[in-house]
Amino acid sequence: MRWSRYYIPTLKEAPSDAEVISHKMLIRAGMIRRLTAGVYSYLPLGWKAIRKVEEIVRQEMDAAGSLELRLPAVQPGDLWKESGRWEQYGKELLRFLDRHERECCLGPSHEEVITDLIRGEVRSYRRLPLSLYQMQTKFRDEIRPRFGLMRGREFIMKDAYSFDRDDAGADISYKGMYEAYKRIFSRLSLKFKAVEADSGSIGGNFSHEFMVLAQTGEDTIVSCQACDYAANVERAELQPPAAKDATVPPAMREVSTPGKHSVADVAVFLGVSPELIVKTLVVEADGKPVLVLVRGDRDLNEIKLKNYLKAETVRLASPEQVREWTGSPVGFAGPVRLELPIIADYELLTREGWVVGANKADAHIVDVSLGRDAMVQGYADVRNVAAGDCCPRCRGLLETMRGIEVGHVFKLGTKYSEAMNATFVDEKGEEQPIIMGCYGIGVTRVVAACIEQNHDEYGTIFPPPVAPFEVVLMNLDITSAEVCAKADELYTFLQGKGLDVLLDDREERPGSKFKDADLIGAPIQLVVGAKSLARGIVEAKDRRTGHKTELPVENFADAFAVWKDTVYAGWIV
RNA sequence: CGGGAUGUGGCUCAGCCUGGUGGAGUGCAGCGUUCGGGACGCUGAGGUCGAAGGUUCAAAUCCUUUCAUCCCGACCA
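Here's what I pulled together on the structure shown here.

Reading the values: rules and limits
Residues numbered from 1 in each chain as written. Chains lettered and ligands numbered in written order. Predicted model: local features only at pLDDT ≥ 70, side-chain atom pairs only at ≥ 80, totals over all residues. Heavy atoms only, no water. Helix = DSSP H or I, 4+ residues; strand = E, 2+ residues; numbered from the N terminus. Buried < 20%, exposed > 50% of the residue type's maximum accessible area, 1.4 Å probe, protein only. Areas by Shrake-Rupley, 256 points an atom, 1.4 Å probe, with all protein chains shown as cover. Lys, Arg positive; Asp, Glu negative; His and termini not counted. Charge placed at Lys NZ, Arg CZ, Asp CG, Glu CD. Core = buried A, V, L, I, M, F, W, Y, C linked by side-chain atoms within 4.5 Å. Contact = heavy atoms within 4.5 Å. Pairing = 2+ DSSP bridges. Axes fitted to C-alpha atoms, helices over the stretch in contact; angles between N-to-C directions. Phe/Tyr/Trp six-rings, centres within 6.5 Å; stacked < 30°, edge-to-face > 60°. Lys NZ or Arg CZ within 6 Å of the ring centre and 35° of its normal. Disulfide = S-S within 2.5 Å. Salt bridge = Lys/Arg side-chain N within 4 Å of Asp/Glu carboxyl O. 1 Å grid on protein atoms, 1.4 Å probe; cavity = no way out; pocket = protein on both sides within 12 Å on 5 of 7 lines; lining within 4 Å. Points joined across faces, edges and corners; volume = space filled by probe spheres on them. Nonpolar A, V, L, I, M, F, W, Y, C, P; charged D, E, K, R; others polar. Parallel < 35°, antiparallel > 145°, perpendicular 65-115°, else oblique. Left-handed = near helix turned anticlockwise from the far one by under 90°.

### What to know about the overall build of chain A
Consideration 1: Check the secondary structure of chain A and you find 16 helices and 31 strands.
Consideration 2: Its C-alpha atoms put chain A at 95 × 70 × 50 Å along the principal axes.
Consideration 3: Expressed as a percentage of the 573 residues in chain A, the buried residues total 53%.
Consideration 4: When the accessible surface of chain A is totalled, it reaches about 25900 Å², and 50% of it is carbon and sulfur.
Consideration 5: Of the side-chain charges in chain A, 74 are positive and 85 negative, and the distance between the mean point of each set is 2 Å.

### A word on the nonpolar core
Consideration 1: With 62 residues, the main nonpolar core has Tyr181, Phe185 and Leu188 as its most contacted residues.
Consideration 2: Each residue touching Leu188, except ones within four places of it in the same chain, is listed here: Val53, Ile56, Val446, Cys450, Pro463 and Val466.
Consideration 3: Formed by 25 residues, the second largest nonpolar core is a distinct cluster that contains Leu79, Tyr89, Val122 and Leu128.

### Overview of the sheet that holds strand β30 (residues 537-542)
Consideration 1: Strand order in the open sheet formed by five strands is β28-β27-β29-β30-β31, with mixed pairing between adjacent strands. This sheet does not close on itself; its edge strands, each paired only once, are β28 (501-504) and β31 (548-552). Across the sheet, the mean angle from the axis of one strand to that of its neighbour is 20°, orientation sign disregarded.
Consideration 2: In this structure, strand β27 (residues 471-475) lies alongside strand β29 (residues 524-528), joined through five bridges in parallel fashion. Within β29, the position partnered with Asn475 by the bridge is Val528.
Consideration 3: Against the sheet, helix α13 (residues 481-496) touches β27, β28, β29 and β30, its axis set at about 165° to β27.

### Some thoughts on the packing of aromatic side chains
Consideration 1: Within this structure, the stated rule accounts for 13 aromatic pairs.
Consideration 2: Positioned above the aromatic ring of Trp86 is the side chain of Arg95, whose terminal nitrogen or guanidinium carbon lies 4.6 Å from the ring centre.
Consideration 3: When the ring centre of Trp354 is taken as origin, the NZ or CZ atom of Arg351, which lies over that ring, is 5.2 Å away.

### Comments concerning helix α1 (residues 21-28)
Consideration 1: Summarising burial for α1: six of the eight residues are buried, a large majority.
Consideration 2: Within α1, burial applies to Ser22, His23, Met25, Leu26, Ile27 and Arg28.
Consideration 3: Residues of α1 that are buried sit in contact with β1 (32-36), β2 (39-42), α12 (443-453), β25 (455-456), β26 (459-460) and α14 (510-520).

### Side note on unusual backbone geometry
Consideration 1: Look at the link from Leu128 to Pro129: it is a cis peptide, with omega at 0°.
Consideration 2: Here Pro129 lies in the loop between α5 (111-121) and β7 (130-139).
Consideration 3: For Phe147, which is not glycine, the phi dihedral falls at a positive 65°.
Consideration 4: For Phe147, the location among the structural elements is in the loop between β7 and β8 (154-164).
Consideration 5: Positive phi, close to 65°, is recorded for Asn555, a residue that is not glycine.

### So, the sheet that holds strand β15 (residues 288-295)
Consideration 1: The strand order across the open sheet built from five strands is β16-β14-β15-β17-β20, with neighbouring strands paired in mixed fashion. Both edges of this open sheet fall to β16 (314-316) and β20 (378-380), since each of them pairs with a single strand only. If you compare each strand with its neighbour and ignore which way they point, the axes differ by 35° on average.
Consideration 2: Pairing of strand β17 (residues 342-345) with β20, which is carried by three bridges, proceeds in the parallel orientation. Residue Ala344 lies in a different strand from β20, and its bridge partner there is Tyr379.

### Here we look at the state of the cysteines
Consideration 1: Considering all chains together, one arrives at zero disulfides under this definition.
Consideration 2: No disulfide involves Cys391; its nearest neighbouring cysteine sulfur is the one of Cys227, lying 3.6 Å away.
Consideration 3: Exposure remark for Cys391: the relative accessible area of 0% places this residue in the buried category.

### Observations concerning the pattern of salt bridges
Consideration 1: Applying the stated criterion across every chain yields a total of 46 salt bridges.
Consideration 2: The salt bridge partner of Glu196 is Arg235, with a shortest N-O separation of 3.8 Å. Of this pair, Glu196 sits in strand β9 (residues 192-196) while Arg235 sits in the loop between β12 (230-232) and β13 (253-256), and the two are 39 residues apart along the sequence.
Consideration 3: In this structure, Asp389 engages Arg383 in a salt bridge whose closest nitrogen and oxygen atoms are separated by 3.0 Å. Pair check on accessibility: Asp389 and Arg383 agree, each one buried.
Consideration 4: Among the ionic contacts, a cluster of salt bridges with common partners joins Arg295, Asp297, Arg298, Asp345, Glu347, Arg383 and Asp389.

### Quick word on the layout of surface pockets
Empty space left among the atoms is revealed by rolling a probe the size of a water molecule over them.
Consideration 1: Roughly 360 Å³ of volume is contained in the second largest pocket.
Consideration 2: Along the walls of the second largest pocket sit 20 residues, with His261, Lys279, Thr280, Val330 and Gly331 positioned nearest its centre.
Consideration 3: For the lining of the second largest pocket, the element with the highest residue contribution is strand β14 (residues 278-285), accounting for five residues.
Consideration 4: Each residue belonging to the lining of the second largest pocket can be placed in one class, and the counts come to 13 nonpolar, six polar and one charged.

### Considering the environment of Ala226
Consideration 1: With respect to the helices, strands and loops of the structure, Ala226 is situated in the loop between β11 (219-224) and β12.
Consideration 2: Take Ala226: its relative accessible area is 61%, and that puts it in the exposed class.
Consideration 3: C-alpha separation for the pair Ala226 and Trp47, spaced 179 residues apart in sequence, amounts to 41 Å.
Consideration 4: The residues touching Ala226, leaving out its near neighbours within four places in the chain, are Cys394 and Gly396.

### A look at the side chain of Lys564
Consideration 1: Note on placement: Lys564 falls in helix α16 (residues 556-569).
Consideration 2: Buried and unpaired, Lys564 has Asp565 as its nearest opposite-charge partner, separated by 4.8 Å.
Consideration 3: Setting aside residues no more than four positions away along its own chain, Lys564 makes contact with Leu499 and Ile524.

### Looking at the packing of helix α2 (residues 44-63) against α12
Consideration 1: Running from N to C, α2 and α12 cross one another at 110°; their axes reach a closest spacing of 9 Å. Our classification of the angle between α2 and α12 gives roughly perpendicular. Crossing hand, α2 versus α12: right-handed. Residue-level contacts link Ala49, Ile50, Val53 and Glu54 of α2 to Val443, Thr444, Val446 and Val447 of α12.
Consideration 2: Along the lines of polarity and charge, the residues of the contact of α2 with α12 split into six nonpolar, one polar and one charged.

So, to be careful, I would describe these as geometric facts and stop short of saying anything about function.
Pasting the structure below:
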C-alpha cells in the first residue's frame with residue numbers, strides 16, 4: 001500500500017477525553033474515531049488490525065474443529081424470556097420495540113439464539129459433539145463506557161458454543177477451547193494468564209478468564225508464587241485460618257470517637273493498627289439487612305457473600321437504611337447488641353480484642369470478643385484476597401496484578417438447554433438435555449490490550465501478527481528518481497516476501513514521516529534516502545527495541561531476511 | 001442513579017470572575033524559502049461560542065431549563 005493513496009489521519013495531540021494509553025494511541029494513529037459514548041468507527045488502519053486478530057482467531061478456531069457461522073444481531077425478546085435473562089440481564093440489554101410493538105433486543109451475547117437454532121436441528125446423539133462460532137458486533141448498554149475500545153457499548157466479539165452428549169464430552173470441548181485460546185494469545189504475542197473466574201450472569205459452574213497483564217487492566221487477579229493457581233480476585237478463595245488466638249480480652253468498653261467514621265480515621269485517633277479494627281458493613285441481601293464483618297484493612301467480596309448467602313442480589317445499604325437498621329450514621333455500625341444476622345470473615349477467628357462501631361454516632365467499642373460480645377451466625381470466606389495471603393491450594397504466597405479480560409471460557413452445563421428445552425435422543429432412545437459450553441474473545445479489546453502492553457511515548461508498537469502494516473518503507477526523497485526507483489524496487493521485493501508493507505511516498509518532510517511511522521507502530525521501519533543510498537545502505541529500525549541497523553543495498557535480500565528474523569524472534573513471548 | 005467537572009473552527013485550549021467588534025497553537029488551502037526526527041515566512045478558508053428560554057440598550061460571558069461528554073462512586077457479564 002502506498003501511503004499517499006491510503007487514509008491515516010494521524011494527530012499530534014490526543015482528544016482530552018481519552019484517559020488510557022490505548023485510547024489515545026488508537027485515535028492519534030488514525031485507527032478509530034468516536035461516534036458517541038462507547039461507540040467507535042474503525043478507520044482503515046484500525047480495521048486492518050482488527051482483521052488480523054480475527055484471522056488468527058479464525059485459524060485457531062477452525063483448527064480446534066469449530067465451525068464458523070453468523071447469527072443475527074436483532075433478537076426477539078420472547079427468546080430471552082424463555083431463558084429468564086430478559087428480566088435478569090437488566091439495563092445493559094439494549095431493548096427496543098419494532099413497528100408491531102414486539103419486544104426486541106440487540107444481542108449482547110448469543111446463547112439464546114444458538115440454543116434456539118440447535119434445538120430445532122439437532123435431535124440425535126449422532127450429531128454431537130458440535131462446535132460453532134462467529135465473529136459479531138455485540139451490544140451492551142454499559143452504564144459507563146470508557147477507555148476507548150476497552151469497554152465500549154458496541155464491540156466485536158468472537159463467540160463459540162459447544163454442544164455435547166455428556167459431561168465427559170463437555171470437558172473435552174472445554175479443554176479444547178482452553179488450549180486453542182492459549183495458542184491464540186501466544187500467537188498474538190501477548191503476555192497473559194488464564195485464571196479461574198466467577199461465572200456471573202451467563203451462568204454455569206466453571207470458567208476461566210484469559211487476562212492480558214497490564215497496569216491499566218480493570219480486573220485484579222491473584223496468582224500463587226509457588227504453584228500454578230491463579231484466579232480473578234472476585235473468585236479467589238481463602239482457606240479458614242489454621243491457628244486461633246483464644247486470649248480473651250478484658251471487658252469491652254465504649255470510647256468516644258467524634259467524627260471518626262472511616263477505618264483510617266479511627267485507627268489514627270485511637271492509635272491502633274487498622275488490622276485491629278473490625279469493619280462492619282451493612283448489606284441489603286434480597287431486601288433484608290445483614291451485617292458483614294471484615295478486618296479493617298480488607299475489602300468485602302460481594303460475589304462471595306452473595307454465593308454464601310445464596311441471595312439473588314447483594315448490595316451495600318444506603319445511608320438511610322444504615323440509620324434505620326443500626327440506629328447510627330454510616331461509619332459507626334457494629335455487631336454488639338444488634339438484632340440482625342451477622343456474618344464474619346474467617347480472618348476474624350484469628351484473634352480477639354477488636355475495635356468495633358458502637359451503633360451510635362461518634363463512638364466505638366474496644367476490647368470486643370466476637371464470641372463473647374456479639375452473636376455471629378457464621379464465619380465464611382467473604383473478603384477479597386490481598387497480596388501476602390496464602391494460596392488455597394499449596395499455602396504458597398499469593399501476589400496480585402492487574403489484567404484486561406480478553407477471553408472467557410465457560411462450562412454452561414444445561415442452564416440454557418433445560419430452560420429452552422434443547423434436547424437430543426441418546427443411544428437408548430431417551431431424551432437428554434444437551435450439555436453446553438460458551439467461549440468468548442473480545443476482538444476489539446484484544447487490539448486495545450496489545451497497545452496497552454506494547455507502546456512507548458512515540459506511539460504504538462504492534463506485535464507483527466497484529467500490526468496493520470508489518471513494514472513502513474520510508475522514501476525520504478520523493479523528488480529523486482534514483483531514490484524512488486530503489487524504494488519502489490524494495491517495495492515490490494518486500495511484498496513478494498508476503499509482507500504487509502506501507503510505502504511512505506507522501507510529500508512530507510522526513511521528520512513527519514519518522515513520527516508517523518513510530519505512531520502507527522509497524523514493527524519494522526526501513527528508510528531509503530539519498531544520503532543512505534549514496535553510502536550503499538538501507539537503514540532498518542526495530543520499532544520495539546529502537547535499534548537501528550544498516551543493511552547493504554547489495555545483497556539486501558539475504559541481509560534483510562536475517563535481520564527480520566531476529567526482530568520477529570524478539571516478539572516471541 | 002448519586003457526587004464532581006467540561007461544552008468556544010477538524011484537534012488542543014485561552015477568553016467568562018468584572019457583559020461592549022470572538023482569539024492563539026496545531027491542522028487545512030495557496031505561494032515562496034527549506035528538506036534525515038513533527039521547518040520558517042506570507043496569504044487564505046473555516047465558528048448559529050452545545051441547544052432553548054430569560055435578564056439587559058447590549059450575552060461566549062449573568063440567570064433558568066435542557067442535551068451531550070468526561071471523571072469518581074454505586075450497578076453489572
